[in-house]
Amino acid sequence: MADERTSILVIDDSRDTLEVLQRNLVSRGFQVLAVSEVSEAIRLLETQNISLVITDIRMPKVDGFSVIRHVRENCKGVEVLAITGFPTIDGAIRAMKTGAGEYLIKPFTDEELFSAIDHALARLRLKKQASPSAAPRRQYGIIGESRAMMQVYEAIEHAASSSATVLIQGESGTGKELIARAIHYGSRRAGFPFVPVNCGGIPEPLLESELFGYTKGAFTGAAGSRAGFFQTADRGTILLDEISEASLPMQIKLLRVLQEGEICMLGSSKPRKVNIRIVAATNRVLHELVRQGLFREDLFYRLNVITIDAPPLRDRGDDIVLLVNHFVKTFSERYGRTPPRLSEALLGILRAYHWPGNVRELENVIHRLLSMPSSTTLDIPDLPPFMRFSAVGEGSLNRTLAEVEAEHVRRVLDSVGGNKTLAARILGVDRKTLRAKLRKT
Ligand SMILES: Nc1ncnc2c1ncn2[C@@H]1O[C@H](COP(=O)(O)OP(=O)(O)OP(=O)(O)O)[C@@H](O)[C@H]1O
Ligand SMILES: [Mg+2]
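Values in this document were obtained by computation on a predicted structure and should not be read as measured data.

## As for the site of ligand 1
Piece 1. Taken together, 17 residues surround ligand 1, and among them Ile 143, Gly 173, Lys 176, Arg 360 and Glu 363 come closest.
Piece 2. With respect to ligand 1, the backbone of Thr 174 contributes an N or O atom lying 3.2 Å from an oxygen atom.
Piece 3. Between an oxygen atom of ligand 1 and a side-chain N or O atom of Arg 360, the distance comes to 2.8 Å.
Piece 4. In the complex, 83% of the free accessible area of ligand 1, which totals 630 Å², lies under the protein chains.
Piece 5. Judged by the fraction of its atoms near the pocket grid, ligand 1 is located in the second largest pocket.
Piece 6. Here the shell around ligand 1 is composed, by residue class, of six nonpolar, five polar and six charged.
Piece 7. The two domains that each donate at least three residues to the shell around ligand 1 are domain 2 (142-309) and domain 3 (314-384).

## A look at the packing of aromatic side chains
Piece 1. Across all of its chains, the model carries six aromatic pairs by this definition.
Piece 2. Ring centres of Tyr 185 and Phe 194 lie 6.4 Å apart, and the angle between their planes is 45°; this geometry places the pair in the tilted category.
Piece 3. A relative accessible area of 10% means that Phe 194 is categorised as buried.
Piece 4. Here Arg 28 stacks its cationic end above the ring of Phe 114, 3.7 Å away from the centre of that ring.

## Side note on a positive patch on the surface
Piece 1. Among the surface-exposed residues, Lys 420, Arg 431, Lys 432, Arg 435 and Arg 439 lie close enough to one another that they form a single positively charged patch.
Piece 2. Top element by residues in the positive patch is helix H19 (residues 431-440). It accounts for four residues.
Piece 3. With respect to the element layout, Lys 420 can be found in helix H18 (residues 420-427).

## Topic: the layout of surface pockets
Piece 1. What the second largest pocket holds in volume is close to 540 Å³.
Piece 2. In terms of lining, the second largest pocket is formed by 25 residues, of which the most central are Gly 173, Thr 174, Gly 175, Lys 176 and Leu 178.
Piece 3. Where the lining of the second largest pocket is concerned, the elements lending two or more residues are strand S7 (142-143), helix H7 (176-185), strand S13 (277-282), helix H13 (319-334) and helix H15 (358-370).
Piece 4. Tallying contributions element by element places H7 first for the lining of the second largest pocket, with four residues.
Piece 5. Its residues assigned to classes, the lining of the second largest pocket comprises nine nonpolar, eight polar and eight charged.
Piece 6. Both domain 2 (142-309) and domain 3 (314-384) contribute no fewer than three residues apiece to the lining of the second largest pocket.

## Considering the side chain of Asp 319
Piece 1. Relative to the helices and strands, Asp 319 resides in helix H13.
Piece 2. A polar side-chain atom of Asp 319 sits 2.8 Å from the main-chain amide nitrogen of Glu 145.
Piece 3. Contact partners of Asp 319, with chain neighbours within four places excluded, come to Gly 144, Glu 145, Ser 146 and Met 149.

## Focus on the nonpolar core
Grouped burial of nonpolar side chains is what soluble globular proteins tend to show.
Piece 1. Membership of the largest hydrophobic core comes to 33 residues, with the highest contact counts inside it found for Leu 211, Phe 230, Ile 238, Leu 254, Ile 278 and Phe 295.
Piece 2. Broken down by secondary-structure element, the contributors of at least two residues to this core are strand S9 (194-198), helix H8 (204-212), strand S10 (237-241), helix H10 (248-260), S13, helix H11 (286-291) and helix H12 (297-303).
Piece 3. Broken down by element, this core gets its largest block of residues, five residues, from H10.
Piece 4. Excluding residues that lie within four positions of it along the chain, Ile 238 makes contacts with Val 195, Val 197, Leu 211, Phe 229, Phe 230, Ala 233, Ile 276, Arg 277, Ile 278 and Val 279.
Piece 5. The next biggest cluster of nonpolar side chains, apart from the first, holds 25 residues, and it includes Leu 323, Leu 350, Leu 362 and Met 387.

Reading the values: rules and limits
- All residue numbers here refer to positions counted from 1 along the written sequence of the relevant chain.
- Chain A is the first chain written and ligand 1 is the first ligand written, with later ones labelled in order.
- Local features in this predicted model are restricted to residues whose pLDDT is 70 or higher, and side-chain atom pairs enter the listing and the counts only when it is 80 or higher, whereas totals over whole chains, interfaces and linings include all residues.
- To get the side-chain values, take all heavy atoms of the structure and skip hydrogens and water.
- Distances are taken per atom, and a residue is near a molecule or strand as soon as one of its heavy atoms is within 4 Å of it.
- Side-chain atoms alone can form a polar contact between residues adjacent in sequence; in general such a contact is a pair of N or O atoms within 3.5 Å, and within protein one must be able to donate a hydrogen while the other accepts it.
- Computed by Shrake-Rupley with a 1.4 Å probe, the accessible areas treat only the displayed protein chains as cover when residues are assessed.
- Using protein atoms alone on a 1 Å grid, points that fit a 1.4 Å probe yet trap it form a cavity, whereas open point sets bounded by protein on both sides within 12 Å along at least five of seven lines form a pocket; residues with an atom within 4 Å of a point count as lining.
- Assignment of a molecule to a cavity or pocket requires that more than half of its atoms lie within 2 Å of the corresponding grid points.
- Three classes are used: nonpolar for Ala, Val, Leu, Ile, Met, Phe, Trp, Tyr, Cys and Pro, charged for Asp, Glu, Lys and Arg, and polar for all others, with Gly counted as polar.
- The start and end points of each domain follow an automatic or database-based domain assignment.
- Centres within 6.5 Å make a pair out of two Phe, Tyr or Trp rings, where for Trp the six-membered ring is used; the pair is then stacked when the planes are under 30 degrees apart, edge-to-face when over 60, and tilted otherwise.
- The buried label goes to any residue with under 20% of its type's maximum accessible area, the exposed label to any with over 50%, and the partly exposed label to all in between, with areas taken from a 1.4 Å probe on protein chains only.
- A ring has a charge above it when a Lys NZ or an Arg CZ is no more than 6 Å from the ring centre and no more than 35 degrees off the ring normal.
- Note on patches: the residues involved have over 30% relative accessible area and no salt bridge, like charges join within 9 Å, and the nonpolar side chains Val, Leu, Ile, Met, Phe, Trp and Tyr join within 5 Å.
- Salt bridge, as used here: a side-chain nitrogen of Lys or Arg that lies within 4 Å of a carboxyl oxygen of Asp or Glu.
- In this tally Asp and Glu are treated as negative and Lys and Arg as positive; neither His nor the chain ends contributes.
- Just so you know, the charge point we use is NZ for Lys, CZ for Arg, CG for Asp and CD for Glu.
- Counting from the N terminus, the helices are the DSSP runs of H or I reaching at least four residues and the strands are the DSSP runs of E reaching at least two.
- Grid points are joined across faces, edges and corners, and a volume is the space filled by probe spheres set on the points.
- Throughout, a residue-residue contact means that at least one pair of heavy atoms, one from each residue, lies within 4.5 Å.
- Here the nonpolar core consists of buried residues drawn from Ala, Val, Leu, Ile, Met, Phe, Trp, Tyr and Cys, with membership extended through side-chain atoms lying within 4.5 Å.

Spelled out as structure tokens, the structure:
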């Protein structure tokens, strides 16, 4: 990960060795702390976030074994690479037994050094993955720790490790495009393009030429030839977004790409091979559309090799709070303001609301809250009206309309401190009607 540099602590009593190692490691992008005393090293281990310790074994005051022992006993998540100028089998065995993961003998080449470091860091990553407490809160830039999202992360990893076609289904705003990007950037194709195409947003004849490209003279106005999205995405990933919106004739053309791994530019009869991972996304339930004859069954099966269901926000429990905090932070930074506090009551409403527009809607609500004149605490009146009155109290499904109405009327009235004129205006009725309704409750 390039965003956070790995910190390495180097301990050696020889100033020359320290300097050479430090220069070498820094040139590879590591952050380096170099000390010649074990006591100093231990102090740094206690205060700094260190991933790897490189220590000499023979040192005048306290030897390297004590450092290795200290790390093993006190610093979980730190790896040790031992080096020595006086190689003995015993010493090597002892270093390994004490807890050094790697052992190098002076003089060593840069290649030996960096290969030992690579091994140590790889082991560290494995350990981190194995211990659930170390699981990162953010995965692929996607926020969420709910069980539903854990399944999504697993599916992303599974998908990223292959080139199989993926179908991502989920309501609007659930993060389908984010998931598609995570698959691409987590895969071996990451160095090649990720090309999202909205099949519902481009009119059909245009969609075909945009996807497949065209040769000169393919149609009136085709003055030169142009590559399509499939060619642009070669060796990378194409996201066919809103795939359900593709017409039946277009579906046949897509099926051919999936079956043959070839595309044909408009106006050309020569197919060309392309190497593309296809990810399709939809907010409609595709197999329902298959049943209704609106989506080709053969294409559905071709797309549906790996399926990922993006869960709706209302099924994601405390993720709502994590996302709220995330967006509050993001938009505060954007507007250069101190992040405001959100009142418990406001958070309660955000939690209870059923979020038909999912994460996108939540993002918009928080954006709107943060773009208003600053106050240090945000509360219920800061919310847009439709949310102020929509949530609070789930209610059961066996209530009559009259009961729901009565409760709603009472709640609106309470929220405006009993002011009937205001309540009537919010409810969209006149005062007389409101009075009649209140008599009934
Ligand atoms: N888990 C998440 N963590 C952080 N941001 C998210 C998450 N899910 C969605 N978002 C954000 O919400 C917005 C909508 O996400 P995205 O466009 O991926 O949804 P979608 O499912 O493709 O929506 P649609 O069906 O409308 O195309 C984006 O701004 C995205 O960054
Ligand atoms: Mg989308």
